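Structure assessment
Letter by letter, the chains look like this.
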Amino acid sequence: SSGINAEWPLRPGYARAKTGCGAGSTPSNFLTLYHSFGYECLKRCNLHVLDEKHVLFSAGNYIQILDLETKKLTYLPTVGGRGIGSIAVHPSRKYFAVGERGYEPHILIFEYPSLKLYRICRKGTETAYAFLSFSPQGDKLASLGSSPDYMLTIWDWKREKIILRSKAHGQDVFRVTFSTEIEGQLTTGGLGHIKFWKMAATFTGLKLQGELGKFGRTAISDVEGYVELPDGKVLSGSEWGNMLLWDGDLIKCELTQHEKQNCHKGQLQEIFLDEGELITAGADGTVKIWDFETIDGADVLEEDAHFPMEPMSDIFVGDGVNIVSMCKTVTESNNDTNSMWLAQDASGGIWKLDISVSLTKKAPEIIQSYHAGPIRGIAPCRYTHMVASIGADGTVRVFDYLTKRNLVTKKCKSGGSCITWPGRNVDSKMATLIGGFTDGVIRIMALDHAEPEAHEDFKIVLQHAFKPHKGEVTAMIIDDEGQVLVTGSADDCTLFFFDITSNYMPIGFIQLEAEVNTMSWSNS
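What this report covers is the structure whose coordinates are included nearby. Sequence order as written defines residue numbering, which begins from 1 separately in each chain. Since the coordinates come from a predicted model, pLDDT governs what is reported: local features require at least 70, and pairs of side-chain atoms require 80 or more to be given and counted, while whole-chain, interface and lining totals use all residues. For the side-chain quantities, the full set of heavy atoms in the structure was used; hydrogens and water were omitted.

A few words on the overall build of the chain. Runs of E in the DSSP output that reach at least two residues are strands. Runs of H or I that reach at least four are helices, and both are numbered from the N terminus. Scanning the chain from terminus to terminus reveals 1 helix and 41 strands. Considered along the principal axes of its C-alpha atoms, the chain spans approximately 80 × 60 × 55 Å. Within the chain, buried positions represent 54% of all 524 residues. Any two residues whose heavy atoms approach within 4.5 Å are treated as being in contact. Sequence-distant contacts in the chain: of pairs separated by 6 or more residues, those separated by 24 or more amount to 46%. Note on charges: Lys and Arg go in the positive column, Asp and Glu in the negative column, and His and the chain ends are not counted at all. We put the charge of a Lys on NZ, of an Arg on CZ, of an Asp on CG and of a Glu on CD. If you average the places of the 51 positive and of the 65 negative side-chain charges in the chain, the two averages end up 6 Å apart. We call a residue buried when its accessible area falls under 20% of the maximum for its residue type, exposed when it is over 50%, and partly exposed in between, using a 1.4 Å probe and counting protein chains only.

With that settled, consider the pairing of strand β11 (residues 151–156). Of all 6 residues that make up β11, 6 are buried, and the element is covered over most of its length. Burial along β11 is two-sided: Met-151, Thr-153 and Trp-155 facing one way and Leu-152, Ile-154 and Asp-156 facing the other are all buried. In terms of strand pairing, strand β10 (residues 141–145) meets β11 through 4 bridges, oriented antiparallel. Pairing of Ser-143 across the sheet is with Thr-153, part of β11. Strands pair, by our definition, only if DSSP identifies at least two bridges between them. Linking β10 back to β11 in an antiparallel pair, the connection comprises 5 residues, with Tyr-150 at a positive phi of about 50°.

What follows is about the sheet that holds strand β2 (residues 54–59). The 4 strands are arranged β1-β2-β3-β4 in an open sheet whose pairing can be described as antiparallel. Either end of the sheet is taken by a strand with one partner, and the two such strands are β1 (48–49) and β4 (73–77). Sheet topology places β2 next to strand β3 (residues 62–67); 6 bridges connect them, and they run antiparallel. By the bridge assignment for β3, Ser-58 is matched with Ile-63.

A few words on the state of the cysteines. Whenever a pair of cysteine sulfur atoms sits within 2.5 Å, that pair is classed as a disulfide. Scanning the model with the defined rule gives 0 disulfides in all. Cys-45 provides the cysteine sulfur closest to Cys-327, a residue in no disulfide bond, and the two sulfurs are 9.2 Å apart. With no disulfide partner, Cys-418 has as its closest neighbouring cysteine sulfur the one in Cys-412, 12 Å distant. For Cys-418, a relative accessible area of 10% puts it in the buried group.

This part is about the pattern of salt bridges. Criterion for a salt bridge: a side-chain nitrogen of Lys or Arg within 4 Å of a carboxyl oxygen of Asp or Glu. Within this structure, the stated rule accounts for 14 salt bridges. For Asp-296, the salt bridge identified is with Lys-233, shortest N-O distance 3.7 Å. With a gap of 63 residues between them, Asp-296 in helix α1 (residues 292–296) and Lys-233 in the loop between β17 (226–228) and β18 (234–236) connect regions that are remote in the sequence. On the basis of relative accessibility, which here comes to 9%, the residue Lys-233 falls in the buried class. Close ionic contact of Glu-472 with Arg-376 constitutes a salt bridge, the shortest N to O distance being 2.6 Å. Of the two residues, Glu-472 sits in the loop between β37 (458–466) and β38 (473–478) while Arg-376 sits in strand β30 (residues 375–380), which places them 96 residues apart along the sequence.

This brings us to the packing of aromatic side chains. Each aromatic ring pair is summarised here by two numbers: the centre-to-centre distance and the angle between the ring planes. Pairing of aromatic rings covers Phe, Tyr and Trp, the last through its six-membered ring, and needs centres within 6.5 Å; plane angles under 30 degrees mean stacked, over 60 mean edge-to-face, and all others mean tilted. Counted under the stated rule, the structure contains 17 aromatic pairs. Pairing Tyr-95 with Trp-157 gives two aromatic rings, centres 5.3 Å apart and planes at 65°, and the pair type is edge-to-face. Of this pair, Tyr-95 sits in strand β6 (residues 95–100) while Trp-157 is found in the loop between β11 and β12 (161–167), placing the two residues 62 residues apart along the sequence. Residues Phe-496 and Phe-509 carry aromatic rings whose centres are separated by 5.2 Å and whose planes lie at 20° to one another, so their mutual orientation is stacked. Note that Phe-496 is positioned in strand β40 (residues 494–499) and Phe-509 in strand β41 (residues 505–511), a separation of 13 residues in sequence. Exposure remark for Phe-509: the relative accessible area of 52% places this residue in the exposed category. Three or more aromatic residues joined by ring pairs make a cluster, and in this case those are Phe-466, Phe-496, Phe-498, Tyr-504 and Phe-509. Sitting over a ring, as applied to charges here, requires NZ of Lys or CZ of Arg to be within 6 Å of the ring centre and within 35 degrees of the ring normal. Here Arg-119 stacks its cationic end above the ring of Tyr-118, 4.1 Å away from the centre of that ring.

Moving on to the nonpolar core. To form a nonpolar core, buried Ala, Val, Leu, Ile, Met, Phe, Trp, Tyr and Cys residues must be joined to one another through side-chain atoms within 4.5 Å. One finds Met-386, Val-396, Val-398, Trp-421, Leu-433, Leu-447 and Ile-460 to be the most contacted residues of the largest nonpolar core, which totals 19 residues. Those elements that place two or more of their residues in this core are β31 (386–391), β32 (395–400), β33 (405–411), β35 (432–437), β36 (442–449) and β37. When residues in this core are grouped by element, the largest group, 3 residues, is from β31. When residues no more than four places from it in sequence are discounted, the contact partners of Leu-433 are Ala-388, Val-396, Val-398, Thr-420, Trp-421, Pro-422, Arg-443, Ile-444, Met-445 and Ile-460.

Pro-113 follows Tyr-112 through a cis peptide bond whose omega is 15°. Positionally, Pro-113 belongs in the loop between β7 (107–111) and β8 (117–121). Here the bond from Ser-147 into Pro-148 is cis, since omega is 10°, no more than 30 degrees from zero. For Pro-148, the location among the structural elements is in the loop between β10 and β11. Even without being a glycine, Lys-404 presents a positive backbone phi close to 60°. Locating Lys-404 in the fold gives a position in the loop between β32 and β33. The backbone of Met-430 sits at a positive phi, close to 55°, despite the residue not being glycine. On the secondary structure map, Met-430 appears in the loop between β34 (416–420) and β35. What makes Met-430 buried here is its relative accessible area of 0%.

Here the focus is the sheet that holds strand β27 (residues 340–345). The strand order across the open sheet formed by 4 strands is β26-β27-β28-β29, and the pairing between neighbours is antiparallel. Taken across any chain shown, the strands that pair with only one partner, and hence form the sheet edges, are β26 (323–328) and β29 (365–369). If you compare each strand with its neighbour and ignore which way they point, the axes differ by 25° on average. Note that β27 and strand β28 (residues 349–354) share 6 bridges and pair antiparallel. By the bridge assignment, Leu-342 is partnered in β28 with Lys-352. To define axes, lines are fitted to C-alpha atoms, for helices over the stretch in contact only, and angles between the resulting N-to-C directions are given on a 0 to 180 degree scale.

Turning to the environment of Gly-266, a few remarks are in order. With respect to the element layout, Gly-266 can be found in the loop between β20 (250–256) and β21 (268–274). Among the residues examined, Gly-266 registers a relative accessible area of 28% and is labelled partly exposed. Between the alpha carbons of Gly-266 and Gly-285 there is a distance of 9.9 Å; along the sequence they are 19 residues apart.

On to the environment of Met-151, then. Along the polypeptide, Met-151 turns up in strand β11. Classification of Met-151 as buried rests on a relative accessible area of 18%. Linking Met-151 and Gly-320, residues 169 residues apart in sequence, is a C-alpha distance of 35 Å. In contact with Met-151, not counting residues within four places along its chain, are Gly-124, Ser-143, Leu-144, Gly-145, Arg-165, Ser-166 and Lys-167.

Scope: geometric values only; no functional claims are made or implied.
Pasting the structure below:
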């Protein structure tokens, strides 16, 4: 039968939670972080390789270092405590920089692997750092401030001194990078623009001079990914998926596939030049490899600025995958033929990709899975070390926080908004989950053991679904007897009542004059 039996005969390692309240005060380590199931996968470039075994990313107020083999996490709290804007790893991998959020936030430089605070760069922006990038030689650090100042700052980070600074643009700037070949040349890309910078010597000293790219007859596009080519030209992505080749501040040509097909479907997020090959990744979940020499020599007639070509190979990672960042893995032997990359998936995951042009290359492998975006609700089980969560991405997840594992994930059609895990007065097997969603739907789900051949220990089975509200379900509550479910909505200002004992038959509803945000039953 469906569900977990009443005595929870779980596999070894699942302990029953203690429900008794013993004497004593709150322990001194009450607020010590035990484990994090979070990853800010929507943040730009939030995945960095530290060595052959460890990767670095941020979640909330913590820097997290993940051991790829053991899955163990190491946590490093921020100094300001108001969040993290951006992270960058030094070319030597002996340091990493953390740009914080808050009033006049700091850039913190940590040693690796000791994790000791090494340097602090101060007063580079007003509210948050949007992006950090080290120079190829590692002696300079570029930082981008977010709204309202959008300040581009070049640091001598070891001396904690500002070398140059300039307002990068009047709107959001997404990233900044140094040229790998030409000293003192940088590029920034952002909302509807790309800008080319030079650290130029003038009569009044060293200046940071920027030249805004002119799209001309090409539609203006947000620029997420780009790469500086060895001869100084820049290749950028576009919102529609094609690549734009910039020579100076003008577009030389637009690279497409044959038969007027775009290089990617949707935003082109990342472009890399690696070992003579050009690698692109996009919101369509595809990674493509192009011949660099063909792109570098691309030339077109003035009346047609499109240059068609085909990729040498492509990898489709998966349905619904949105690759926003990639980084190459490191091998102990520092092998130049290493073809393994890690990819940040904005849909909630970290992937391991083999991008070699080989018949024996490995299939894409997801190594970590997370909620994508806000977690809208959590509901603990009263009798086990389990907790259910629901996210704006529409996923319902069940975690065992004792063993620090994500036990099962179910993807729903609409975004989640709230969740509850009823007690034994509703389900003696404690296997029922009730989720509220942004489209007004209530879903009754059951937690069950998965089939032996499945990758997960459990599965979530949809048992019942109904739509009482016109808009987002904002609150749910069950009475003490476990007989009545009440749901509320902020959009239509209604409360609906359902008889749990009669398979959630509607009892009635009440129209209110205010939004419903939370509810509780009176003792009477």
